[in-house]
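Here are the chains, one letter per residue:
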Amino acid sequence: MYYLLLSVLSSSLIFIVFKLFAKHNVQTFYAIVVNYITASAVGLSLYQGEVQVFEIYTKPWFIGTLCLGVLFILVFNIMAATSQRIGVSAASVATKMSLVIPVIFGVLVYGETLGIIKVLGIALALCAVYFSSVKKNTIRLDKSDLWLPILVFLGSGIIDTSIKYVQEVYVQEEEYPLFTALVFAAAATTGMFYLVIKSSKEPIKVNFKNVLGGIALGVPNYFSIYFLLKALQLTKLNSASIFTINNVFIVIFTTLLGILLFKEKISLKNWIGIIIAIISILLVAFGDDILPFKNPIF
């Protein structure tokens, strides 16, 4: 259980660091690239085996690390923008509502049943993403801002689904640090490639704030994935229960931190969205246990 708690703490710190980026004028993209370099370095330092560079390409999970790396840097940038423009709680809820995507994947790929309660949970999750993103006394919501939590929702869901699939099918437990380090290395490489292209138009300037911010983000970012992988190995809990406990507590913890540390204004609609989010996660994870009879739709 302590792996879950450590994963919750690490994931919550990510949203807080994003919020601090805006407060201290840290350039998000540069810091995110440094973050992935830092996370990769942490993973390699924790790997107890010998790293054989030319053998890594033969690992069955190598292609998966490349794809996940590209997804990570895309979703992380969108997540940062959501935290800064809409709020920490909105970014957190949108990320955690993505639990419905692994559920749908389980139905299509693993042949799991999806009853009426779980379908209701998925519908409520989509409503929660909207309500948690609406600012108090806001008459108009910029279209780009409205799409931010939706993109975070989709991207995070795809990442969670991919991590679970690769972890279950390809990665050995002793390879977790190496696997995670290479995912972050792929993300860092993608970011640096973009910076090289961008440097042809605008010179790259080393900024101490960006480097420090990236390091502060990279450490909890690495451990949020590492501890989640360790938690998924628990024999007493299935993956749906683990994702549920992890996601619910991150939503609650980051919302409280947003209020206490940043004085975020949480409107009635926002609270309704957060409550709906928690209910929807519970329905999706435990829907089959609520009804005394099975009523599968898919």
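(A) Broad picture of the pattern of salt bridges. Evaluated as defined, the whole model comprises two salt bridges. Note that Lys 59 is salt-bridged to Glu 175, the shortest N-O span being 2.8 Å. Residue Lys 59 is found in the loop between α3 (53-56) and α4 (62-85), and its partner Glu 175 is found in the loop between α8 (143-169) and α9 (176-199); the two are separated by 116 residues along the sequence. Taking the relative accessible area as the measure of exposure, Lys 59 reaches 26% and is therefore partly exposed. Taking relative accessible area as the criterion, Glu 175 reaches 10% and is therefore assigned buried. The partner of Lys 230 in a salt bridge is Glu 173, with the nearest N and O atoms 3.0 Å apart. Of this pair, Lys 230 sits in helix α10 (residues 208-231) while Glu 173 sits in the loop between α8 and α9, and the two are 57 residues apart along the sequence.

(B) Local environment of the packing of aromatic side chains. Applying the stated criterion across every chain, the model contains 17 aromatic pairs. Relative to Tyr 222, the ring of Phe 184 lies with its centre 6.1 Å away and its plane at 55 degrees, an arrangement referred to as tilted. With Phe 184 in helix α9 and Tyr 222 in helix α10, the pair connects residues that are 38 residues apart, well separated along the chain. Of the two residues, Phe 184 and Tyr 222, both sit in the buried class. Each ring, one from Tyr 222 and one from Phe 223, has its centre 5.2 Å from the other, and the planes form 85 degrees; the classification is edge-to-face. When its relative accessible area of 22% is taken as the criterion, Phe 223 is described as partly exposed. Members of the aromatic cluster, connected to one another through ring pairs, are Tyr 2, Tyr 3, Tyr 36, Phe 72, Phe 184, Tyr 222, Phe 223, Tyr 226 and Phe 227.

Conventions we followed
- Residues numbered from 1 in each chain as written.
- Predicted model: local features only at pLDDT ≥ 70, side-chain atom pairs only at ≥ 80, totals over all residues.
- Heavy atoms only, no water.
- Salt bridge = Lys/Arg side-chain N within 4 Å of Asp/Glu carboxyl O.
- Helix = DSSP H or I, 4+ residues; strand = E, 2+ residues; numbered from the N terminus.
- Buried < 20%, exposed > 50% of the residue type's maximum accessible area, 1.4 Å probe, protein only.
- Phe/Tyr/Trp six-rings, centres within 6.5 Å; stacked < 30°, edge-to-face > 60°.

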